[in-house]
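# Overview (structure and organization)
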Amino acid sequence: LLDDFVTHFNKYRAETFVPGGSICIDESIVRWYGNGGSYVNEGLPHYVAMERKPENGCEIQNAACVDSSIMIQLKIVKGKEDEDRLESSRNDEEERSELNHGTKVVLDLTKPWNTSGREIIADSAFASVSTAMEVRKKNNNFTGCVKTATKEFPMKELNDQVFIERGSRAALAHIDERSKATTMVAWSWLDRNRRFFITTLHGLDEGKEIFRERLRQVNDDPNAPPDRVAIQVKQPAAIEQYYDGAGIIDNHNRVRQADLMMDRRLGTQVWDKRCGFGIAGMIFTDAFFFYQKTVGDNQDECPNEFFSGLADEMIDNKIGVRETRARVVSPAELDSVMEDNTNNEPTLRATLRVKPNAKANKDGTPKLAQGRCGGKCGQQSTRVCSKCTHATDPAQKQYFFCL
């Protein structure tokens, strides 16, 4: 069920969404602390627990548009046996047999945009010389931070360089023998620590300087307070581009986990529901970022306010839904209806109570208050029983019902 959900999500985003010039590759965690792992049949099939991650649970590798922060492709991480089985069923299994796992993930997540000339940005979990070469074969470009996947990367040569201050750097370029063109550039750059990067797009161009304010002990007198000092760090254009795009999915995860908080607020003991809620949370977070990019006057709106408004709109949404409820009697017609109703049968009408401190509807009418249906369904409704509810005083108790 979840695989079908992800498949349809990926197909829909590939057909309807056009990303910008850069795509970020990273991973997300859907919070789950129930049963899981290969030791329990009923639990989460592949349970991920890493010290560097704030939560444990289901890992989803994803691709996002850097310009809009919207997720465009998802891939659920599974166990080794399932991954090997899926890989063996591919038509291009032989071509991919020599590739490392990170390279395969990048190629899968960016497949709909092959030959588009976009820049793929990924962290050390995916970055390697192999990934850069394979992405370049697809007529795209790659920029990433290299840590452990050092095969064919000039790690020793770059690591032997002596740097004196922050912003110092060294670079080695790979030049094609036939075209004499630069195909890849490997960087070693010193900030607080030495870091290594690889890119197929940017050369030796200088990027914008980094300005930071830090507390430093300038005055050596006893008990003298520290001073706030401005620190400038030079960086190449490749590293500037990497840091501009590498944190997009991390920010997306923060909004989903800290503001929307579906993983904590919706309780369930079934792992597939939890994973489904996580993917739905990504879609709601996408709606928030889309709203920010398209509504210029609300760039600073709090995510919680947006999610509350989105919930109200989704509850009242009737687009594409055929109206099957009985005719709603307005308050003005209530008296005449009661007179004509010789059998004194109750009807449903809209409540007179207005939701406090709520934004008005698009047509200017106030939002109506909602209450839990008094029937068996327990759903929210804005309709009340005409017989049980006071006809003119909204302060009286409202008896909500739905059909």
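From a predicted model like this one, the values you see are computed outputs, not experimental measurements.

The next point concerns the packing of aromatic side chains. For the structure on display, the rule yields 10 aromatic pairs. A ring pair is formed by F197 and Y242, whose centres lie 5.4 Å apart and whose planes are at 65 degrees; its orientation type is edge-to-face. Here Y242 lies in helix 7 (residues 237-245) and F197 lies in strand 8 (residues 194-199), a separation of 45 residues in the sequence. Owing to a relative accessible area of 2%, F197 belongs among the buried residues under this scheme. Pairing F288 with F307 gives two aromatic rings, centres 6.0 Å apart and planes at 45 degrees, and the pair type is tilted. Placement of the pair is F288 in helix 10 (residues 271-294) and F307 in helix 11 (residues 303-316), with a sequence separation of 19 residues. We note that F288, like F307, is buried. Within the aromatic cluster, the residues linked to one another by ring pairs are F288, F289, Y291, F306 and F307.

A word on the nonpolar core. Where a protein is soluble and globular, its nonpolar side chains tend to be buried together. Membership of the largest hydrophobic core comes to 30 residues, with the highest contact counts inside it found for I23, I25, I120, F142, F153 and I198. Those residues in contact with I120 that lie beyond four places of it in its chain are I23, I25, V106, T110, V135, N140, N141, F142 and T143. Grouped together as the second largest cluster of nonpolar side chains are 19 residues, L44, A64, I249 and C275 included.

With seven of nine residues buried, helix 4 (residues 101-109) is to be regarded as a mostly interior element. Every buried residue of helix 4 is accounted for by G102, T103, K104, V105, V106, L107 and L109. Of the residues flanking the start of helix 4, the one acting as N-cap is N100, its side-chain oxygen 3.3 Å from the backbone nitrogen of G102.

Moving on, we get to the pattern of salt bridges. This structure, assessed with the given rule, holds 15 salt bridges. We note a salt bridge from D160 to K156, for which the minimum N-O separation is 3.1 Å. Residue classification places K156 among the exposed residues on the basis of a relative accessible area of 58%. Across the salt bridge formed by R212 and D191, the nearest N and O atoms sit 2.8 Å from each other.

We now examine the pairing of strand 8. The pairing of strand 5 (residues 141-146) with strand 8 spans four bridges and is antiparallel. Within the sheet, the bridge partner assigned to T143 lies in strand 8 and is T199. The sheet contact formed by strand 7 (residues 182-190) and strand 8 spans six bridges and is antiparallel. The partner of S188 across the bridge, within strand 8, is F196. What sits between strand 7 and strand 8 in their antiparallel hairpin is a turn of three residues.

Rules used throughout
Residues numbered from 1 in each chain as written. Predicted model: local features only at pLDDT ≥ 70, side-chain atom pairs only at ≥ 80, totals over all residues. Heavy atoms only, no water. Phe/Tyr/Trp six-rings, centres within 6.5 Å; stacked < 30°, edge-to-face > 60°. Helix = DSSP H or I, 4+ residues; strand = E, 2+ residues; numbered from the N terminus. Buried < 20%, exposed > 50% of the residue type's maximum accessible area, 1.4 Å probe, protein only. Core = buried A, V, L, I, M, F, W, Y, C linked by side-chain atoms within 4.5 Å. Contact = heavy atoms within 4.5 Å. Polar contact = N/O pair within 3.5 Å; in protein donor to acceptor, adjacent residues only side chain to side chain. Salt bridge = Lys/Arg side-chain N within 4 Å of Asp/Glu carboxyl O. Pairing = 2+ DSSP bridges.

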